Amino acid sequence: MRRGVTAIEMAVTLCLLGLVLALLARRAASLERWQRALQASRQQAWAARQTLDVLAAQLAPIAGGDIAPQAASDSAVEAQAFVGTAVACMQGAELRVAGDAVADGPALASFVTPPRAGDRLFALDERGAPERWVERTVTRVVSGGAACLFVARGDGLVLALDAPLPMAGSALVAVRVARRTRFSLYLSGDGLWYLGLREWNADASRFAGIQPVAGPLSAYRANSDRSGLRFTYLDAAGRPLARPLALAESIGGVEIAARSDPGAFAAHLAVVLRDARP
Amino acid sequence: MRARSGRSRRARRGIALLLALVALGVAGSFVAAAFFAARIAWTADRLAQRTLQLQGATDIALAQLIQAWDAARWLRQPVGTTQPALEFDVDAGARTRGWITRVSSRTFLATIRATDRADSAAAGATHLLRVESPRFPGLAALVARGDVRADGVLQTSADDSADASGCGSMAAAVPGIMVPPGRTAPPMAVEGREAGIDSTYLVFGTSSLDGLVRGATLELGAGAAVAAPAAVLAHAAGDLELVGGSGSGILIVDGRLRVTGPVSYRGVIVAVGGLEVAAAGVTVDGLILSASVDASSVLVKPNAGLHLRYSACAVEAAVWPIGRLRLVIPRGWAPTP
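Structure report, in brief.

What counts and how
Position numbers for residues start from 1 in each chain and track the written sequence from start to end. Labels are handed out in written order, letters beginning with A for the chains and numbers beginning with 1 for the ligands. With the structure being a predicted model, the display of local features is reserved for residues of pLDDT at least 70 and the display and counting of side-chain atom pairs for 80 or more, all residues being used for whole-chain, interface and lining totals. Side-chain calculation: all heavy atoms of the structure are included, whereas hydrogens and water are not. Per the convention used, a helix needs a DSSP run of H or I reaching at least four residues, while a strand needs a run of E reaching at least two, with both numbered from the N terminus. Residue exposure (1.4 Å probe, protein chains only): buried if accessible area is under 20% of the type maximum, exposed if over 50%, otherwise partly exposed. Here, strands pair whenever DSSP counts at least two bridges between them. Structural elements are reduced to axes, namely lines fitted to C-alpha atoms, with helices fitted over the stretch in contact, and the angle between N-to-C directions of any two is expressed from 0 to 180 degrees. Any two residues whose heavy atoms approach within 4.5 Å are treated as being in contact. Any N or O atom pair separated by 3.5 Å or less is treated as a polar contact, with the protein-specific requirement of one donor-capable and one acceptor-capable atom, and with residues adjacent in sequence counted only for side-chain atom pairs. When a carboxyl oxygen of Asp or Glu is within 4 Å of a side-chain nitrogen of Lys or Arg, the pair counts as a salt bridge. We call Asp, Glu, Lys and Arg charged. Ala, Val, Leu, Ile, Met, Phe, Trp, Tyr, Cys and Pro are nonpolar, and the rest, Gly among them, are polar.

Residue A:Pro216 is reached from A:Gly215 by a cis peptide bond, and omega for that bond is 5°. Its place among the elements puts A:Pro216 in strand 10 (residues 211-217). Residue B:Pro330 is reached from B:Ile329 by a cis peptide bond, and omega for that bond is 5°. Tracing the backbone shows B:Pro330 in the loop between strand 23 (324-327) and strand 24 (333-336). Backbone geometry places A:Ser205, a non-glycine residue, at a positive phi of 55°. Mapping A:Ser205 onto the fold places it in the loop between strand 8 (193-201) and strand 9 (206-207). A relative accessible area of 51% means that A:Ser205 is categorised as exposed. In this structure, B:Arg331 takes a positive phi of about 65° despite not being glycine. Relative to the helices and strands, B:Arg331 resides in the loop between strand 23 and strand 24. Taking relative accessible area as the criterion, B:Arg331 reaches 11% and is therefore assigned buried.

As structure tokens, then:
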């Protein structure tokens with residue numbers, strides 16, 4: 001009697017085990033689908049947010065005059081993107097960009113990406129009132145040898161310029177390095193749309209090949225809110241400016257809308273140019 | 001029989017335990033994966049939010065630094081040096097520190113860094129600051145629009161390198177006396193077109209003579225005879241006589257300035273109606289501008305003595321108290337990694 005009961009118990013147990021495993025497998029499949037959907041949704045949100053983060057970081061430090069008005073469209077912006085800032089020693093047509101100023105203190109130079117030949121250099125000429133920024137082109141970058149009257153350490157960078165700066169009497173000068181950069185929504189070879197970056201190649205006198213920096217985004221639609229990327233240019237008071245833009249100096253901010261399919265996740269951000277003239 | 005029954009019970013317990021372990025294992029792995037993913041997302045969002053908070057803290061720190069600007073302290077800071085400027089807690093877990101680097105006599109770089117000890121989040125920024133104050137022409141120790149006559153002793157010294165370390169300015173070497181071409185002056189004087197134009201005596205960078213007069217901190221009546229004033233900006237509405245004493249700051253005299261006693265003055269003197277020295281032992285460290293076009297724009301009488309030493313440092317010390325700190329725009333602000 002006990003053997004019979006054991007056989008029935010075994011049969012029931014096997015059936016129940018099969019049922020439980022089937023239920024678990026079905027649940028697992030649906031859970032995987034749910035996870036995939038969640039991940040895709042997060043990826044879309046991330047792609048749109050990353051697009052905004054990249055553009056905000058690049059555009060916020062620049063001045064209105066650093067945006068090229070003729071190249072400003074609803075899906076592309078060209079600017080003298082921020083590379084770094086420094087307090088440098090002047091030595092003729094060379095600038096010595098030192099490292100740390102004091103122990104446990106700030107560096108006298110801070111670069112997002114290393115400067116290179118072809119970059120634009122803005123030097124603060126404070127002889128007049130108000131002060132102005134003198135533009136030069138970096139022709140050569142040498143690592144080390146940055147020691148000067150104010151900084152004993154010899155590391156850092158030496159930036160050779162295409163012409164000496166006019167502030168001959170000054171020993172130190174505040175400089176900013178920028179690189180001509182173009183951001184645009186573009187169709188990649190894989191059939192998807194991305195935020196693309198093109199940097200100016202001084203040797204070839206043209207922009208280098210486009211590189212994806214964020215995406216994928218929705219496809220381009222002219223002057224549409226459903227476009228993957230849309231730029232609206234604002235004046236200092238936050239009012240939209242009509243394109244084509246007449247004067248770059250009038251730009252006080254850029255409103256950016258990024259959108260990603262298929263969930264049509266959209267993100268908006270208004271970047272106020274910190275260095276726009278009030 | 002008892003032994004067989006015991007084996008059977010053990011076998012049944014073994015199947016149930018296996019089932020429970022399989023179920024727990026499958027469910028546990030899903031829960032763990034979901035928890036791990038949620039944890040990563042939460043951490044990333046929290047870090048982004050914290051970084052935004054710290055960026056806001058750097059803006060607050062910059063505002064505090066400008067509000068608490070101590071002109072006298074930063075005037076003494078040598079060019080090319082960096083000093084701590086502020087330090088405060090954003091909240092229990094984050095700290096903000098600020099430094100000031102002197103780039104030139106009037107330009108400073110403020111560096112702010114906010115760091116969060118718990119999340120290792122950080123934000124930083126630099127901002128160029130300018131002290132907007134009158135820019136008196138550093139043409140010579142004495143700039144006169146008319147003739148300079150020295151019947152007594154007139155000594156000029158125009159190398160202020162000894163003073164440079166005291167206020168952080170760079171040493172400057174300028175002529176002792178400058179007059180317009182064709183004017184009479186002692187042999188050490190140089191001729192300069194700038195000495196003959198209005199703006200040298202009326203416009204000082206972004207400040208005008210009229211604007212400075214309107215902001216005078218000490219008003220002296222026409223024809224007053226006083227000891228050398230020690231005031232940020234003293235203005236005499238007409239002629240003024242200095243009978244002795246030590247003074248400092250900026251002195252603007254609408255009429256003729258007569259020095260009849262042993263005066264020691266450090267700063268800037270603008271004598272619209274000219275300068276007359278009738279006493280021995282008169283010393284001025286700084287700069288004198290005489291806007292009079294007369295034949296005796298500057299006159300040192302017999303037995304009198306004027307010892308004038310150009311000092312960019314003294315000029316800076318005189319103009320800083322009326323200076324206004326402002327942000328350099330555009331391109332003054334920059335984020336730091």
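Residue and element names in this part refer to chain B. Strand order in the open sheet formed by six strands is 6-21-19-17-15-13, and the pairing between neighbours is parallel. This sheet does not close on itself; its edge strands, each paired only once, are strand 6 (148-150) and strand 13 (224-226). Each adjacent strand pair in this sheet contributes to an overall mean axis angle of 10°, direction not counted.

All names here are of chain B. By secondary structure assignment, the location of Glu 87 is in strand 1 (residues 82-91). C-alpha separation for the pair Glu 87 and Ala 280, spaced 193 residues apart in sequence, amounts to 52 Å. Beyond its immediate stretch of four places on either side in the chain, Glu 87 contacts Arg 95, Thr 96 and Arg 97. A distance of 2.9 Å separates a polar atom in the side chain of Glu 87 from a polar atom in the side chain of Arg 95.

This paragraph deals with the environment of A:Ala98. All names here are of chain A. Looking at the secondary structure, you find Ala 98 in the loop between strand 2 (94-97) and strand 3 (109-111). Ala 98 sits in the buried class, given a relative accessible area of 4%. Sequence separation between Ala 98 and Ala 109 is 11 residues; the distance between their C-alpha atoms is 6.6 Å.

Attention now moves to helix 6 (residues 312-319) of chain B. Most of helix 6 of chain B is tucked away, with seven of its eight residues classed as buried. All of the buried residues in helix 6 of chain B are B:Ala312, B:Cys313, B:Ala314, B:Val315, B:Glu316, B:Ala318 and B:Val319.

Bringing the pairing of strand 3 (residues 107-116) of chain B into the picture now. Note on strand geometry: in a regular strand, side chains alternate between the two faces of the sheet. All names here are of chain B. Burial within strand 3 is extensive, with eight of its 10 residues counted as buried. Direction of pairing for strand 2 (residues 94-102) relative to strand 3: antiparallel, over a ladder of nine bridges. Of the residues in strand 3, the one forming a bridge with Arg 97 is Arg 113. By the bridge criterion, nine bridges tie strand 3 to strand 4 (residues 122-132) in an arrangement that is antiparallel. The residue bridging Ile 112 from the neighbouring strand is Ala 125, located in strand 4.

Residue and element names in this part refer to chain B. Relative to the helices and strands, Thr 200 resides in helix 4 (residues 198-202). For the pair formed by Thr 200 and Arg 97, sequence separation is 103 residues and the distance between their alpha carbons is 42 Å. The residues touching Thr 200, leaving out its near neighbours within four places in the chain, are Pro 137, Leu 139, Val 143, Glu 194 and Leu 289.

This next bit is on the pattern of salt bridges. Residues and elements named next belong to chain B. Tallied over the entire structure, the rule returns 31 salt bridges over all chains. The closest approach of N and O atoms between Glu 132 and Arg 326, which form a salt bridge, is 2.5 Å. Placement of Glu 132 in strand 4 and of Arg 326 in strand 23 is noted, with a sequence separation of 194 residues between them. The residues Glu 132 and Arg 326 share a single accessibility class, namely buried. Linking Arg 258 and Asp 239 is a salt bridge whose minimum nitrogen-to-oxygen distance equals 3.8 Å. You can see Arg 258 sitting in strand 17 (residues 257-259) and its partner Asp 239 sitting in the loop between strand 14 (230-236) and strand 15 (240-242), a full 19 residues away along the chain.

Chain A puts 48 residues into the contact, and the matching count from chain B is 46 residues. The tally of links from chain A across to chain B stands at four salt bridges. Across the salt bridge formed by A:Asp66 and B:Arg331, the nearest N and O atoms sit 2.6 Å from each other. Where the side of chain A that touches chain B is concerned, the elements lending two or more residues are helix 1 (2-59), strand 1 (76-91), strand 3, strand 4 (120-125) and strand 7 (172-187) of chain A. Here the side of chain A that touches chain B gets 14 residues from one element, more than from any other, and that element is helix 1 of chain A. Broken down by class, the residue content of the side of chain A that touches chain B amounts to 27 nonpolar, seven polar and 14 charged.

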